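Close look at the chain arrangement
Spelled out from the first residue to the last, the chains are:
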Amino acid sequence: MSRFFTPTLAALEPYTPGEQLAVPGLVKLNANENPYPPAPGVAAAVAGTIEGLRLYSDLTEAKLTAAIAARCGVPPQWVLCGNGSDENLLLAIRAFCDQNTPLAFADITYSFHPVLCNLLGVPAHVLPLREDFTLDTAAYDALGETIVLANPNAPTSLLTPVGAIERIVQRNPDHPVIVDEAYVDFAGPGASCLPLVAKYENLMVVRTFSKSRSLAGARLGFCVAQPGLIADMNRVKFSYSPYNINSMSEAAGAAAMADEAYFQKTVAAICRTRAETTAGLRQRGFTVLDSATNFVFAAHPQHEAAALCGALRQQNVLVRHFTAPRIQNWLRVTIGTPAQMQRFFAALDAAMG
C-alpha cells in the first residue's frame with residue numbers, strides 16, 4: 001500500500017474471489033456461475049439500450065423493479081436493486097449497523113460478511129455453526145444485533161428451514177434480519193423466506209441474478225423488504241451511488257426475469273446434474289453434504305482437498321478450496337453442464353490415482 005492509504009483500513013483483508021482465468025478448454029467450476037447462457041431475450045433487450053446510453057440510467061430502475069415485484073408478489077416500493085447482491089448487503093450493513101450495533105453471522109458462511117464489517121468499521125459477532133455445519137438457531141435468540149444469514153449457506157450448501165429462520169426473526173423484533181438467498185432457486189419449493197416479508201417489518205430477503213438467472217457479468221441483485229427498510233437503504237444509496245444500475249444491466253435483468261420457462265428449464269437441468277455429481281462423488285468415497293445450491297461441498301478421507309484442487313488445476317479444471325480450519329479438507333465444486341462434469345470426473349479420477 002502507499003503511504004497515503006488511511007491507517008484505519010491498514011489491516012483490511014479484501015474479499016478473495018474464485019480465480020478468473022482465460023484458458024482454452026478450461027472447465028471453470030470454482031465461482032458458482034451458471035453454465036447456461038442467459039435467457040434468449042436478454043441479448044435483444046441489451047441491444048435496445050444502445051441508443052440511450054448517452055443518457056443517465058433510471059435512478060429508480062422502474063422497469064426492472066416492476067418485473068422483480070411482479071415475480072415476487074410484492075409492491076414495487078418493497079424492492080431495491082443493487083449492483084450485484086453484494087451492494088445490497090453493503091447498503092443494508094451501512095444502514096443498520098454501526099460501532100454500537102454489531103453484525104452477527106456464522107463462522108462458515110459467505111466470506112464477504114467480515115470484509116464488509118472491516119471496511120465499514122462494524123463489529124463482527126461470529127457465531128459457530130454446529131459440528132455438522134447446520135445453523136445453531138438458538139444462538140441467535142435475542143441478540144440485540146443486526147443479523148445476516150446466507151440461506152442456503154455457502155460454502156456448505158445447506159438449507160435452514162423457513163420455520164427456523166422465522167423463529168430468529170421473531171426473537172429479534174427490534175433489529176433487522178437479512179436473509180441472503182443467492183442460491184434459493186436451487187433449493188426447491190417452500191425454501192424461500194419471501195412469503196414472510198409481509199409479516200415482519202424487520203426481515204429483508206436479498207437475491208442475485210448471478211446464479212439462477214445466468215447474469216453474473218451484469219452485476220445485478222435486489223432485496224425485498226417492507227418500505228421502511230427500503231427507504232433507509234435508499235437514503236444510503238443516494239448518498240454515494242445513485243446511478244448504481246446501468247441501463248444495459250437493467251434491461252438484461254428485466255428480460256431474464258420475464259422468461260419464467262427458461263428459468264425453470266435451466267434450474268431443473270442444474271439440479272439433475274447436481275444429483276448425478278453427488279452420486280458420483282459418493283461412489284468415489286467422498287462425503288458430500290445434501291446440497292440446496294448450484295454447487296456441492298465434498299471431502300475425502302484419504303485425499304487432501306488442497307492437493308486435489310491443485311491436481312485438478314493442472315488439468316484445466318478449477319474448483320474452490322478454502323483454508324479456514326474447519327473446512328480446510330473440503331472442496332466446493334460448482335455444477336456445470338453434463339459434459340463439463342464428465343471432464344471434472346475424468347480429471348478427478350486421474351488426480352486420485
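Quick note: structure is the one above.
All values derive from a computational prediction rather than experimental measurement.

For the rest of this paragraph, the subject is the packing of aromatic side chains. A complete count under the given rule lists eight aromatic pairs for this structure. Relative to F297, the ring of F133 lies with its centre 6.4 Å away and its plane at 65°, an arrangement referred to as edge-to-face. Placement of F133 in the loop between β4 (124-127) and β5 (146-150) and of F297 in strand β10 (residues 295-299) is noted, with a sequence separation of 164 residues between them. Exposure class is identical for F133 and F297. Each is buried. Their ring planes at 65° and their centres at 5.8 Å tell us that F209 and F222 sit as a pair that is edge-to-face. Here F222 lies in strand β8 (residues 221-225) and F209 lies in the loop between β7 (203-208) and β8, a separation of 13 residues in the sequence. Among the residues examined, F209 registers a relative accessible area of 0% and is labelled buried. Grouped by ring-pair contacts, the aromatic residues F133, F297 and W330 constitute a single cluster. Across the ring face of F263, the terminal group of R213 is positioned such that the distance to the ring centre comes to 3.9 Å.

The subject of this paragraph is the sheet that holds β10. Spatially, the four strands line up as an open sheet ordered β9-β10-β13-β12, and their pairing is antiparallel. On the outer flanks of this sheet lie β9 (287-288) and β12 (320-321), each paired with one strand and no other. Judged from the two bridges that link them, β12 and strand β13 (residues 330-334) form a sheet pairing that is antiparallel. From the neighbouring strand, H321 faces β13, where its bridge partner is L331.

A cluster of nonpolar residues, I50, L53 and M248, forms a patch on the protein surface that exposes about 250 Å² of accessible area. Residue classification places L53 among the partly exposed residues on the basis of a relative accessible area of 38%.

β10 sits mainly inside the fold: five of its five residues count as buried. Residue alternation in β10 divides its side chains into two sets, F295, F297 and A299 and V296 and A298, and both sets are buried. Direction of pairing for β9 relative to β10: antiparallel, over a ladder of two bridges. What sits directly across from V288, in β10, is A298.

Enumeration over the complete set of coordinates arrives at 13 salt bridges. Between E33 and K28 there is a salt bridge, and its shortest N-O distance comes to 2.9 Å. One salt bridge connects R130 with D136, and the closest N-O pair in it is separated by 3.9 Å. Given the relative accessible area of 37%, R130 is considered partly exposed. Linked by salt bridges that have partners in common, D141, R167 and R171 make up one network.

Rules of the game
- Residues numbered from 1 in each chain as written.
- Predicted model: local features only at pLDDT ≥ 70, side-chain atom pairs only at ≥ 80, totals over all residues.
- Heavy atoms only, no water.
- Phe/Tyr/Trp six-rings, centres within 6.5 Å; stacked < 30°, edge-to-face > 60°.
- Helix = DSSP H or I, 4+ residues; strand = E, 2+ residues; numbered from the N terminus.
- Buried < 20%, exposed > 50% of the residue type's maximum accessible area, 1.4 Å probe, protein only.
- Lys NZ or Arg CZ within 6 Å of the ring centre and 35° of its normal.
- Pairing = 2+ DSSP bridges.
- Patch = residues over 30% accessible without salt bridge, like charges linked within 9 Å, V, L, I, M, F, W, Y side chains within 5 Å.
- Areas by Shrake-Rupley, 256 points an atom, 1.4 Å probe, with all protein chains shown as cover.
- Salt bridge = Lys/Arg side-chain N within 4 Å of Asp/Glu carboxyl O.

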